[in-house]
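Structural description and commentary
Each chain, letter by letter, is given below.
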Amino acid sequence: MIQARNIHKTFGSLEVLKGIDIDIEPGRVTAIVGPSGAGKTTLLQILGTLSSADAGGVLRYDGVDLTALSDSKLSRFRNSNIGFVFQFHRLLPEFTLIENVAMPALIGGASRQEAFAKARALLGRLHLEGRDSHRPSELSGGECQRAAVARALVNDPKIVFADEPSGSLDLQNRAELHRLFFRLRDELGATFAIVTHDDNLAADADTVVRMADGRIISTINQSTK
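All figures in this text were calculated on a predicted structure; none of them were measured in a lab.

Comments concerning the overall build of the protein chain
The helix and strand inventory of the protein chain stands at seven helices and nine strands. Its C-alpha radius of gyration of 17 Å places the protein chain within 12% of the 17 Å reference for a compact globule of 225 residues. Across its three principal directions, the C-alpha atoms of the protein chain cover 45 × 40 × 35 Å. The burial tally for the protein chain puts 48% of its 225 residues in the buried class. The contacts of the protein chain with a sequence gap of at least 6 include a subset with a gap of at least 24, amounting to 67%. When the accessible area of the protein chain is evaluated, it comes to approximately 10,600 Å², of which 48% is carbon and sulfur surface. Distance between charge centroids for the protein chain: 3 Å, based on 26 positive and 27 negative side chains.

In structure tokens form, the structure reads like this:
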């Protein structure tokens, strides 16, 4: 699905990424692991088109050449094809749960009726039915993070990028969120690329990409799925 080559990224005098080659395959959970400072989050942001590489970059995105897209077209591509889940849910506190989940669809041009119908269906799938009108402050951390996953999925993205998505959760909610990723992979064919320090999540992933000092030092396929 994603083919990226020779990614370099420098911040000031610090070279964070030192020539990364990576392929992300569809319908799989790819875990990106390694020590703090290895460049995992920077790589995820570049793959997700939130940041640009200094050299190299994403060559193909499900057959689309991103280098040929203008900034406005790239923004539309991102909204339609990529979902994001972060360590903290980043739900907007002034909006209800269903409004938060529907927002990417509304931004993408869907009607309110269509966006809310998709959001409501996802909330039901993620066992958040009956929470539509609640605001984030009225929900648990685990519920907010599941809602963030629903928001990432509302535009039927080709891939969801997640950066330490369970890092702020307790053990029970962390395990529940991890099971959710694999269930969505199995039921929806969803593709996930997840930066994580969680050994249990990495152990269950289809592919593990291990980074150190701005480089990929190993890629292990753990599943023939």
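We are not done yet, so read on.
Some details on the confidence of the model for the protein chain
For the protein chain, per-residue confidence averages 89 on the pLDDT scale, and residues scoring 70 or more make up 99% of the total. Least confident of the elements in the protein chain is strand β4 (residues 55-61), whose mean pLDDT is 77; most confident is strand β8 (residues 207-212), at 95.

Some words on the side chain of K9
With respect to the helices and strands, K9 occurs in strand β1 (residues 2-11). Of the residues examined, K9 reaches a relative accessible area of 10% and is grouped as buried. At a separation of 2.7 Å, a polar atom in the side chain of K9 contacts the main-chain carbonyl oxygen of S52. Beyond its immediate sequence surroundings of up to four residues, K9 is in contact with L14, E15, V16, L17, T42, I46, S51, S52, A53 and D54.

Description of the pairing of strand β9 (residues 215-221)
Relative to β9, β8 runs antiparallel, the two sharing six bridges. What sits directly across from R210, in β9, is S218. Where β8 hands over to β9, the hairpin turn is made up of two residues, of which D213 adopts a positive phi near 55°.

Considering helix α6 (residues 171-188)
The first and last C-alpha atoms of α6 sit 26 Å apart over 18 residues, in line with the 26 Å expected at 1.5 Å per residue. When α6 is considered as a whole, its buried residues turn out to be N173, L177, H178, L180, F181, F182, L184 and R185. Residues of α6 that are buried make contact with β3 (29-33), α4 (112-125), α5 (141-153), β7 (192-195) and α7 (199-204). Among the residues trailing α6, G189 stands out with phi positive, at a value near 70°.

Quick notes on the pairing of strand β2 (residues 14-24)
Direction of pairing for β1 relative to β2: antiparallel, over a ladder of eight bridges. Note that in β2 the partner of H8 across the bridge is K18.

Rules behind the numbers
- Residues numbered from 1 in each chain as written.
- Predicted model: local features only at pLDDT ≥ 70, side-chain atom pairs only at ≥ 80, totals over all residues.
- Heavy atoms only, no water.
- Helix = DSSP H or I, 4+ residues; strand = E, 2+ residues; numbered from the N terminus.
- Rg over C-alpha atoms; globule rule 2.2 N^0.38 Å.
- Buried < 20%, exposed > 50% of the residue type's maximum accessible area, 1.4 Å probe, protein only.
- Contact = heavy atoms within 4.5 Å.
- Areas by Shrake-Rupley, 256 points an atom, 1.4 Å probe, with all protein chains shown as cover.
- Lys, Arg positive; Asp, Glu negative; His and termini not counted.
- Charge placed at Lys NZ, Arg CZ, Asp CG, Glu CD.
- pLDDT = per-residue confidence, 0-100.
- Polar contact = N/O pair within 3.5 Å; in protein donor to acceptor, adjacent residues only side chain to side chain.
- Pairing = 2+ DSSP bridges.
- Expected span 1.5 Å × (residues − 1).

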